[in-house]
Structure formats: structure tokens, C-alpha cells
Amino acid sequence: MDYTTVKWLHILASTFLFGTGVGSAFYLLFASISRDVRAIAVVTRLVVLADWIFTTTTIVIQPLTGFYMVQLGGLSMRTQWIAWSLGLYGIAVACWLPVVWLQMRMRKLAREAVERKAPLAFSYWRYFWIWVVLGIPAFIAFVIVFYLMVAKPA
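Conventions adopted
- The written sequence of each chain sets the order in which its residues are numbered from 1.
- Local features in this predicted model are restricted to residues of pLDDT 70 or higher, and side-chain atom pairs are both shown and tallied only at a pLDDT of 80 or more, whereas totals for entire chains, interfaces and linings draw on every residue.
- Hydrogens and water are ignored here; the side-chain numbers use all heavy atoms of the structure.
- Each helix is a run of H or I in the DSSP string that is no shorter than four residues. Each strand is a run of E no shorter than two, and both are numbered from the N terminus.
- A contact between two residues is defined here by any heavy atoms of the two lying within 4.5 Å.
- An expected span of 1.5 Å times one less than the residue number is assigned to each helix.
- Here a Phe, Tyr or Trp ring, Trp counted by its six-membered ring, pairs with any other such ring whose centre lies within 6.5 Å, and the pair is stacked when the planes are under 30 degrees apart, edge-to-face when over 60, and tilted otherwise.
- Only protein chains enter the calculation, and the probe is 1.4 Å; a residue is then buried if its accessible area is under 20% of its type maximum, exposed if over 50%, and partly exposed in between.

### Some thoughts on the side chain of Gln-103
Alright, step 1. Looking at the element boundaries, Gln-103 is found in helix H3 (residues 80-116).
Alright, step 2. Not counting residues within four places of it along the chain, the set of residues in contact with Gln-103 comprises Leu-28, Val-47, Val-48, Asp-51 and Trp-131.

Here you go:
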């Protein structure tokens, strides 16, 4: 593949990765704040689905296309902005992995609450706050990676 095609795939994957993450976080955050158990059950189900379809796919494509562009461009992996991007990407992924598990647990708890016509269990809210705490560094890391990809500071 030529550089332009790989770069287009890289940008497309980063758009899906970041867009799915921000969109999912927005809807899950506000559904949870509403405390509407049925809405939360629907949103958690869709957030988990979006993670499997979009985030899992792009979280693999992103570094592959990035590494290939580094190779095609004759750059070193030790280039400062590339090294920082990789480190920040690693932080974001390290936050995302437990978030996937948390979202699946939250989905199960919300579904059970709907079936029982009961409020959400306390554990839902514990998972929710951990989810929020993990989302903040992941979001910041991805924003900085976007900056580094565009600016490529020396």
C-alpha cells in the first residue's frame, strides 16, 4: 500500500476510535445520570456493542497503520513525538481494557434491574465511577496523541 492510502486508513481509524469513545462516553454518562434504568439498559447494551465493533477493530488498526507509516516515511521509533504517541496510546489502551469489562458488568446489572423492575444495584454505581475515572486519562491521552500526529513537534 502507498503512504497516502495507509495515512487515510490511519486517520479514518483514529476518527472511529476517538469518535466512538467520546460518543459512547457521552451517552452512557448522561443515561446513567438520568437514573432511568430502562434507558441505561439500552445505552449500556449499545455501548458494549459499539466497543466490540468499532473500538476493538480500530485499536488494532491504529498502531499497525502507524508503524507502517513510520517505516514508509523512514522515521525512527525513537523520534520524540512518535515515542510520546506510543506511550500515551498505551496509557489509553490500558484504561480502555478494564472499561470494556466494566461496561459489560454495567450492562448486566442494568438488564437485571429492568427485569426485576428494581433500581440499579450499588455495584453499578461503583463500576460507573471507576469507568469515569478511567475515561479521563484515556480521553486526555488521545487528545494529546491527536495533537502529536498533526503537529509532529521536534
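### Re H3
Along an α-helix, residues three or four apart share an orientation, since each turn contains 3.6 residues.
Alright, step 1. An ideal rise of 1.5 Å per residue puts 54 Å on 37 residues; H3 measures up with 54 Å between its terminal C-alpha atoms.
Alright, step 2. The first or second residue beyond H3 is Lys-117, which carries a positive phi of 55°.

### Comments concerning the packing of aromatic side chains
Alright, step 1. Evaluated as defined, the whole model comprises 11 aromatic pairs.
Alright, step 2. Centre to centre, the rings of Phe-18 and Phe-146 are 5.1 Å apart; their planes meet at 65°, and the pair counts as edge-to-face. With Phe-18 in helix H1 (residues 3-34) and Phe-146 in helix H4 (residues 122-151), the pair connects residues that are 128 residues apart, well separated along the chain.
Alright, step 3. A relative accessible area of 22% means that Phe-18 is categorised as partly exposed.
Alright, step 4. Ring centres of Tyr-89 and Phe-142 lie 6.0 Å apart, and the angle between their planes is 75°; on these two criteria the pair is classed as edge-to-face. You can see Tyr-89 sitting in helix H3 and its partner Phe-142 sitting in helix H4, a full 53 residues away along the chain.

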